[in-house]
Amino acid sequence: MRSVEASTFIDATPERVWALYADIARTPEWVPFVEEVVSVSGPLAVGMTYRERTRIGRIHGVQEWRIDELEPPRRRVETSESLRMHSRLTITMEREGSGTQLRQVSEVRSTLPRPLGWLQESFVGLVARRAMRAAVLGAKRTLENVRSP
């Protein structure tokens, strides 16, 4: 299993950061690698699922995610069984002074036999690190109304 993370400080309350992440249908507006949210099964709640079409470099895919844990406005955990991987994404928002420390941790485990599984986990880990960094920076730019460099 591989674990990667990305974090940033956002000059916004945890409630504002939570609201941005809770509006899953609008994710493509601020997460650069999400091309489209294909479906959302309902309002944000444990058991809700959504499918998103992503593109990172030349890699295209559709993943389905399931919300497993919610602790508004502090923590959300979701899992995916797409792309022959078990993926777990934990998003936390901790108040820090007048702002929020946003952190995303992704854990991936391949379902492919070893050693192919290890190679897939390594590759996906590298891609996930870049993607999560883009996501947290997209949230920061959106909530702080800062233009992209």
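Residues numbered from 1 in each chain as written. Predicted model: local features only at pLDDT ≥ 70, side-chain atom pairs only at ≥ 80, totals over all residues. Heavy atoms only, no water.

### Comments concerning helix 2 (residues 116–144)
The end-to-end C-alpha distance of helix 2 is 42 Å, a good match for the 42 Å that 29 residues give at a rise of 1.5 Å each. With its phi angle positive at about 55 degrees, Asn145 sits one or two positions after the end of helix 2. (Helix = DSSP H or I, 4+ residues; strand = E, 2+ residues; numbered from the N terminus. Expected span 1.5 Å × (residues − 1).)

### Some remarks on the pattern of salt bridges
Under the counting rule described, the total for this entry stands at 14 salt bridges. Put simply, Arg55 and Glu35 hold a salt bridge, and the shortest N to O gap is 3.4 Å. With Arg55 in strand 3 (residues 49–56) and Glu35 in strand 2 (residues 34–40), the pair connects residues that are 20 residues apart, well separated along the chain. Lys140 is the salt-bridge partner of Glu144, the closest N and O atoms lying 3.2 Å from each other. Separated by four residues within a single helix, Glu144 and Lys140 lie in helix 2, roughly one turn from each other. Since its relative accessible area comes to 24%, Glu144 is described here as partly exposed. (Salt bridge = Lys/Arg side-chain N within 4 Å of Asp/Glu carboxyl O. Buried < 20%, exposed > 50% of the residue type's maximum accessible area, 1.4 Å probe, protein only.)

### Remarks on the sheet that holds strand 3
Taken in spatial order, the seven strands make up an open sheet running 1-7-6-5-4-3-2, and their pairing is antiparallel. Taken across any chain shown, the strands that pair with only one partner, and hence form the sheet edges, are strand 1 (2–10) and strand 2. Averaged over all adjacent pairs, the angle separating strand axes in this sheet is 25 degrees, with direction ignored. Two strands pair when backbone bridges link them, and strand 4 (residues 59–71) and strand 5 (residues 75–80) are joined in this way by five bridges, in the antiparallel orientation. Following the sheet pairing, Leu70 is matched in strand 5 by Arg76. Of the strands in this sheet, strand 1, strand 3, strand 4, strand 6 (85–96) and strand 7 (99–110) touch helix 2, which is tilted by about 10 degrees from strand 1. (Pairing = 2+ DSSP bridges. Axes fitted to C-alpha atoms, helices over the stretch in contact; angles between N-to-C directions. Contact = heavy atoms within 4.5 Å.)

### Here we look at the packing of aromatic side chains
One pass over the structure, following the stated rule, counts one aromatic pair. With a centroid separation of 4.8 Å and an interplanar angle of 65 degrees, the aromatic rings of Tyr21 and Trp30 are classed as edge-to-face. Summarising the burial analysis for this pair, Tyr21 and Trp30 share the class buried. (Phe/Tyr/Trp six-rings, centres within 6.5 Å; stacked < 30°, edge-to-face > 60°.)

### Some points on helix 1 (residues 14–22)
By the burial criterion, the buried members of helix 1 are Pro14, Val17, Trp18, Leu20 and Tyr21. For helix 1, the arc enclosing every buried residue in end-on projection is 160 degrees, short of the 170-degree limit, so these residues lie on one face. Contacts made by the buried residues of helix 1 are with strand 1, strand 4, strand 5, strand 6, strand 7 and helix 2. (Arc of directions from axis to C-beta.)

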